[in-house]
Amino acid sequence: MDKKINVALLGFGNVGSGTYTAFKENCELISKKVGAEVVIKKILVRNIANARRVDAPAELFTTDFNEILNDADIQIVAELMGGIEPATEYMLKSLAAGKHVVSANKAALANALPKFNEAAKAAGCMLRYEAAVCGAIPVMGAISRALTGNEITKVSGIVNGTTNYILTRMAAEGAPYADVLADAQALGFAEADPTGDVEGFDAANKLSLLTAACFGVYIHPDDIDRTGITGVTMDDLKAAEAADCKIKLIASSEIKDGKVCASVKPIQVPAESFLGRCGSEFNAVQIDCNMAGPIFLQGKGAGPEPTGSAVAGDIIEIAQAIVNGTASKQPETAIL
Ligand code: HSE
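> How do you make sense of the overall build of the chain when you look at a structure like this?
Looking only at helices and strands, the chain has 13 helices and twelve strands in total. A globule of 336 residues ought to have a C-alpha radius of gyration of about 20 Å, and the chain, at 20 Å, matches this closely. Structurally, the chain occupies a C-alpha span of about 60 × 45 × 35 Å along its principal axes. Carbon and sulfur atoms make up 50% of the accessible area of the chain, which amounts to about 14400 Å² in all.

> I tried to follow the packing of helix H8 (residues 161–173) against helix H12 (residues 234–242) on my own but got confused; where do I start?
The relative placement of two packed helices is expressed as an angle between their axes plus a distance between the axes. Where H8 meets H12, the closest approach of the two axes is 10 Å, and the angle between their N-to-C directions is 75°. On the basis of their axis angle, the class for H8 and H12 is roughly perpendicular. Residue-level contacts link Leu167, Met170 and Ala171 of H8 to Met234, Leu237 and Glu241 of H12.

> Please clarify how the packing of helix H1 (residues 14–25) against helix H13 (residues 304–324) should be interpreted in this entry.
Across the interface, H1 lies against H13 with an axial gap of 7 Å and an inter-helix angle of 65°. Handedness of the crossing formed by H1 with H13: right-handed. Contacts from Asn14, Val15, Gly18, Thr19, Thr21, Ala22 and Phe23 of H1 reach H13 at Pro304, Glu305, Thr307, Gly308, Val311, Ala312, Ile315 and Ile316. Per-class residue counts for the contact of H1 with H13 are eight nonpolar, six polar and one charged.

> How do you make sense of the environment of Ile84 when you look at a structure like this?
Summarising the element assignment, Ile84 is placed in the loop between strand S4 (74–79) and helix H4 (87–96). On the basis of relative accessible area, Ile84 is assigned to the partly exposed category, the value being 35%. Sequence separation between Ile84 and Arg277 is 193 residues; the distance between their C-alpha atoms is 33 Å.

> What's the story with the site of the ligand in this structure? I'm lost.
The local shell around the ligand consists of Lys106, Asn160, Gly161, Thr162, Phe189, Ala190, Glu191, Asp197, Asp202, Lys206, Gly301 and Ala302. Measuring from an oxygen atom of the ligand, one finds a side-chain N or O atom of Asn160 at 3.4 Å. In the model, an oxygen atom of the ligand is placed 2.8 Å from a nitrogen or oxygen of the Lys206 side chain. Taking 250 Å² as the accessible area of the ligand by itself, protein coverage stands at 95%.

> Even after reading the chapter, I still don't get unusual backbone geometry, so can you show me in this structure?
Of all residues except glycine, most have a negative phi; of all peptide bonds, most are trans. Look at the link from Glu85 to Pro86: it is a cis peptide, with omega at 5°. One can find Pro86 in the loop between S4 and H4. Despite not being glycine, Asp257 has its phi angle at roughly 50°, a positive value. Counting through the fold element by element, Asp257 comes out in the loop between strand S9 (245–256) and strand S10 (259–270). Residue Asp257 is classed as exposed on the basis of its relative accessible area, which comes to 84%. Positive phi, normally seen in glycine, also occurs at Ser280, with a value near 55°. The topology assignment puts Ser280 in the loop between S10 and strand S11 (282–289). Overall, the relative accessible area of 25% leaves Ser280 in the partly exposed class.

> Before we go on, may I ask you to explain the pairing of S9 in this structure?
A regular strand places its side chains so that they alternate between the two faces of the sheet. Of all twelve residues that make up S9, nine are buried, and the element is covered over most of its length. Bridge analysis of strand S7 (residues 152–158) against S9 gives four bridges, and the strand direction is antiparallel. Following the sheet pairing, Ser156 is matched in S9 by Ser252. By the bridge criterion, twelve bridges tie S9 to S10 in an arrangement that is antiparallel. The partner of Lys246 across the bridge, within S10, is Val269. Hairpin connection from S9 to S10: two residues lie between these consecutive antiparallel strands, with Asp257 at a positive phi of about 50°.

> What is the right way to read the nonpolar core from this model?
Inside soluble globular proteins, nonpolar side chains tend to come together where they are buried. Counting 62 residues, the largest nonpolar core has Tyr129, Val133, Val139, Ile143, Leu209, Val264 and Ile287 as the members making the most contacts within it. Considering every element that reaches this core, the biggest residue donor is helix H11 (residues 201–215), with nine residues. Discounting chain neighbours no more than four positions away, the residues touching Leu209 are Lys106, Leu109, Ala110, Leu113, Tyr129, Ala132, Val133 and Met140. One finds Ala22, Ile30, Ala78 and Leu80 within the second-largest nonpolar core, a separate group that totals 35 residues.

> Before we go on, may I ask you to explain the packing of aromatic side chains in this structure?
Between two aromatic rings, the relevant description is the distance of the centres plus the angle of the planes. For the structure shown, the criterion picks out five aromatic pairs. Judged by centre distance (5.6 Å) and plane angle (80°), the rings of Phe12 and Tyr20 are edge-to-face. Each member of the pair, Phe12 together with Tyr20, is buried. Ring geometry for Phe65 versus Tyr90: centroids 4.0 Å apart, planes at 10°, classification stacked. You can see Phe65 sitting in helix H3 (residues 65–69) and its partner Tyr90 sitting in helix H4, a full 25 residues away along the chain. Neither Phe65 nor Tyr90 differs from the other in exposure class; each is buried. Across the ring face of Phe201, the terminal group of Arg226 is positioned such that the distance to the ring centre comes to 3.8 Å.

Conventions adopted
Residues numbered from 1 in each chain as written. Predicted model: local features only at pLDDT ≥ 70, side-chain atom pairs only at ≥ 80, totals over all residues. Heavy atoms only, no water. Helix = DSSP H or I, 4+ residues; strand = E, 2+ residues; numbered from the N terminus. Rg over C-alpha atoms; globule rule 2.2 N^0.38 Å. Areas by Shrake-Rupley, 256 points an atom, 1.4 Å probe, with all protein chains shown as cover. Axes fitted to C-alpha atoms, helices over the stretch in contact; angles between N-to-C directions. Parallel < 35°, antiparallel > 145°, perpendicular 65-115°, else oblique. Contact = heavy atoms within 4.5 Å. Left-handed = near helix turned anticlockwise from the far one by under 90°. Nonpolar A, V, L, I, M, F, W, Y, C, P; charged D, E, K, R; others polar. Buried < 20%, exposed > 50% of the residue type's maximum accessible area, 1.4 Å probe, protein only. Near = heavy atom within 4 Å. Polar contact = N/O pair within 3.5 Å; in protein donor to acceptor, adjacent residues only side chain to side chain. Pairing = 2+ DSSP bridges. Core = buried A, V, L, I, M, F, W, Y, C linked by side-chain atoms within 4.5 Å. Phe/Tyr/Trp six-rings, centres within 6.5 Å; stacked < 30°, edge-to-face > 60°. Lys NZ or Arg CZ within 6 Å of the ring centre and 35° of its normal.

See below:
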């Protein structure tokens, strides 16, 4: 194929390596869908010598962000580093340089969503972050595109894979909390600092992004009423089971009396309900719509390849838009 779209990955941890794998495994299929070869040209890492879970050619790696920023041939930057800084700086600089941005970084995006939206608009660039919310589940695409003919009245669900994995195994096997948390880390589900998962910060970041997409209202994650799962005991889980229920960390956002009410907290749900049946690292989201009725979405909410699949989907959407000459005309999630 003559035409090439060059992409840079910022970060090569769980999500970066999962994204790389998606492009490597599905290379031919992706090129056919885009009508151009999508090439990962550079990968930013902190330390070239670090061990990697996936191999990639040595010449792709750099520790210098400016090498990516100043490369006019790189049209798409996928920020997969996590953390607020330097990820925020790198995304804003990439947009200002006219590069389209894909991100899996819910913490950085939720911390300053209006600023990112303004930067993308000012630069005439696309900003996509499907992978930041519920891993592989196409929830942002559903809300921002397929369901736009609806007034959404509520969004709620399980949006953190690590805590769902922990609660599921604690309830099913009586496995100790610390052991299952260690397994969740080894499987690549948990954040670099798992406090973000177990104390509900990660779910609050995702709920902030979902709230903006559903209601056009930005709410900073610090302003979300939040309780994590560290206070959930084995006795609580047994009591829930005796009542035919499961304890799940539920993120929920709805408009009440003209105001957004958003919360993240562990609650009992009926064992046989949509959310009760969602176990392990799976996520599940219910979107209540005034035309479509309730929409139920479920899939893997964490893990390198599932999350990499969502990053790849965003990169491919942008690459297709570049090929079609419509890339700068695509709207981002709007704050109303
Ligand atoms: N730590 C996150 C989770 C990763 O467990 O859901 C995916 O966002």
